[in-house]
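A structural walkthrough
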Amino acid sequence: MKFNGIDFDTYFKNYPDANGYFGKYGGAYVSDDLKKAMEEITEAYFTICKSRRFIDELRRIRREFQGRPTPISHLERLSSKYGNVQLYAKREDLNHTGAHKLNHCMGEVLLAKYMGKKKVIAETGAGQHGVAMATAAAYFGMECDIYMGSVDIKKQAPNVARMKILGANVVEVTHGLATLKEAVDSAFEAYAKDYKNCIYCIGSVVGPHPFPMMVRDFQSVVGIEAREQFIDMTGELPDAIVACVGGGSNAAGFFSGFLNDPVAIHGVEPLGRGAKLGDHAASLSYGTEGIMHGFNSIMLKDENGEPAPVYSVASGLDYPSSGPEHAFLHDLGRVTYGVADDEETIDAFFDLSRMEGIIPAIESAHAVAYALKLAKEMGRGSILINLSGRGDKDMDYVIENYGIR
Ligand SMILES: *Cc1c(COP(=O)(O)O)cnc(C)c1O
């Protein structure tokens, strides 16, 4: 299928290009030391990850450890509450550890094992990426250092406990504001010093090449499964698909299965408290081109051109940019990027829980909220939502801040 001059039959061969660019977005803007490390990972990715042995082992892990394939559920009661459009959910909340993140973490750590690395390094904000990494490291018997700001360590006690139980070493980062940005800096620093023995695992389709490509490819299992399952269930493709976008990994993997189909694709960004800078994290909707964390993309900047402070009720979507491939698909118009605010999201959180018996992660509830708005607009047809994770981690927060609705 051709779209605005891009041939989607050969899309995955051409994007990203050899230097990691999706059009003008992407690349690897890092120090010379890290450049060498990135080249090592890129080379290993292209040889090891395409080998029969690697692919077979990852398939077995997905089936026997992660519990894949995850099902698609027809949300019948929710659909009839909102009209004639039939809503469906791809159940990444049923993936082991309760979210899509394990899809790329298992791939990244399996690659580390094949490369002969002894230790994996990662940063975490809310702790979700840290828990997924600690899980993968435990599975493969690797050392695991998770860098985390002291502010986040206090806020995210249950996830810190999980990481420790899983055997990970939680490294407290105390400088600056002691949150995610400082944790990223410290993790990169540690990695640059010891990249021969370690691998750094990024938590989304962001960072320098090859991570946006590699994480997308590991997440593409979601889109491949979903397309086949939906056709099996209904005999046709969905009219529209919807996923929430923070860094953009669950969306990138899910979308990849449908880019070459006549399907409307929607990414949903968090509008938080509103459209004022600082009140949201809708980078593709309100941002401009810029470089941060080693890649060129669309980002929210403050008056000095630095990454702006961002806010969302969903800590997993709280990031001032999105992956370069999303910036590319945004400019191209192949994917429509819209928003859902905190209030709509919390309403959708309760709607899905009450009508379907599925408590979604607040991140995923953004996709549900947007799908409900889209259903009203469409009037008929079908929408497939990627339910990126389960909401157990969010229940206390929702009750404390919003009460029972
Ligand atoms: C981390 C997280 C996200 C956001 O990450 P992406 O890379 O944008 O997918 C979304 N949903 C859940 C459940 C998460 O844990």
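Predicted, not measured: the structure shown is a model, and the values here were computed from it.

Right, let's get into the overall build of the protein. Along the protein, the regular secondary structure elements total 16 helices and 16 strands. Here the C-alpha atoms of the protein give a radius of gyration of 20 Å, agreeing with the 22 Å that 2.2 N^0.38 yields for 405 residues. With respect to the three principal axes, the spread of C-alpha positions in the protein is 55 × 50 × 45 Å. Counting every position in the protein, which comprises 405 residues, the buried fraction comes to 60%. Across the protein, contacts joining residues at least 24 apart in sequence account for 74% of those joining residues at least 6 apart. As presented, the protein carries roughly 16,100 Å² of accessible surface, and 50% of it is formed by carbon and sulfur atoms.

Moving on: the side chain of Asn 159. For Asn 159, the position within the fold is in helix α8 (residues 157-165). In this structure the side chain of Asn 159 is engaged in a polar contact, spanning 2.7 Å, whose partner is the side chain of Gln 128. Look past the residues within four positions of Asn 159 in its chain and what remains in contact with it is Ala 126, Gly 127, Gln 128 and Val 131.

What follows covers helix α13 (residues 324-332). A large share of α13 lies buried, amounting to seven of its nine residues. Within the sequence span of α13, burial applies to Pro 324, Glu 325, His 326, Ala 327, Phe 328, Leu 329 and Leu 332. Positive backbone phi, approximately 85°, marks Gly 333, located one or two places after α13.

Let us now look at the domain arrangement of the protein. Looking at the assigned domains, one finds that the protein contains domain 1 (26-62 + 101-207) and domain 2 (68-99 + 212-402). Taking only C-alpha atoms into account, the centre of domain 1 sits 23 Å from that of domain 2. On the side of domain 2, 32 residues touch domain 1, which itself brings 31 residues to the contact. Of the roughly 2,700 Å² buried between domain 1 and domain 2 on both sides combined, carbon and sulfur atoms contribute 65%. On the domain 1 side of the contact with domain 2, Arg 62, Asn 103 and Val 205 bury the most area, a combined 25% of that side's loss.

Burial analysis of strand β14 (residues 295-299) places five of its five residues in the buried class, the great majority of the element. Where strand β13 (residues 288-292) lies against β14, five bridges are found, and the strand directions are antiparallel. In the sheet register, Glu 289 faces β14, and the bridge partner there is Ile 298.

With that settled, consider the site of the ligand. Taken together, 16 residues sit near the ligand, with Lys 101, Ser 204, Gly 248, Ser 249 and Ser 388 positioned nearest. Gly 248 is positioned with one of its backbone polar atoms (N or O) 2.7 Å from an oxygen atom of the ligand. Between the ligand and the protein, one listed contact pairs an oxygen atom with a side-chain N or O atom of Asn 250 at 2.8 Å.

Now for the packing of aromatic side chains. What characterises a pair of aromatic rings is the spacing of the ring centres plus the angle enclosed by the ring planes. Under the defined criterion, the tally for this structure stands at 16 aromatic pairs. Arranged with centres 5.1 Å apart and planes meeting at 85°, the rings of Tyr 11 and Phe 12 form a pair that is edge-to-face. Between Phe 65 and Tyr 139, the aromatic rings sit 4.5 Å apart at their centres with planes inclined by 45°, giving tilted as the arrangement. Of this pair, Phe 65 sits in helix α3 (residues 52-66) while Tyr 139 sits in helix α6 (residues 128-140), and the two are 74 residues apart along the sequence.

The next subject is the sheet that holds strand β8 (residues 143-149). Two pairing modes exist for strands in a sheet, parallel and antiparallel, and in both the strands are linked by backbone hydrogen bonds. Sheet architecture is open: four strands sit in the order β9-β8-β7-β10, paired in parallel fashion. What marks the edges here is a single partner per strand, and that holds for β9 (169-173) and β10 (198-200). Sheet twist, expressed as the average angle between the axes of neighbouring strands with direction ignored, equals 25°. As judged from the three bridges shared by strand β7 (residues 119-123) and β10, these two strands associate in the parallel manner. Opposite Val 120, over in β10, you have Ile 199 as the bridge partner. Taken strand by strand, helix α9 (residues 180-193) contacts β7, β8, β9 and β10, and its axis lies near 155° from that of β7.

Rules behind the numbers
Residues numbered from 1 in each chain as written. Predicted model: local features only at pLDDT ≥ 70, side-chain atom pairs only at ≥ 80, totals over all residues. Heavy atoms only, no water. Helix = DSSP H or I, 4+ residues; strand = E, 2+ residues; numbered from the N terminus. Rg over C-alpha atoms; globule rule 2.2 N^0.38 Å. Buried < 20%, exposed > 50% of the residue type's maximum accessible area, 1.4 Å probe, protein only. Contact = heavy atoms within 4.5 Å. Areas by Shrake-Rupley, 256 points an atom, 1.4 Å probe, with all protein chains shown as cover. Polar contact = N/O pair within 3.5 Å; in protein donor to acceptor, adjacent residues only side chain to side chain. Domains from an automatic or database assignment. Buried area = accessible area lost by both parts, 1.4 Å probe. Pairing = 2+ DSSP bridges. Near = heavy atom within 4 Å. Phe/Tyr/Trp six-rings, centres within 6.5 Å; stacked < 30°, edge-to-face > 60°. Axes fitted to C-alpha atoms, helices over the stretch in contact; angles between N-to-C directions.

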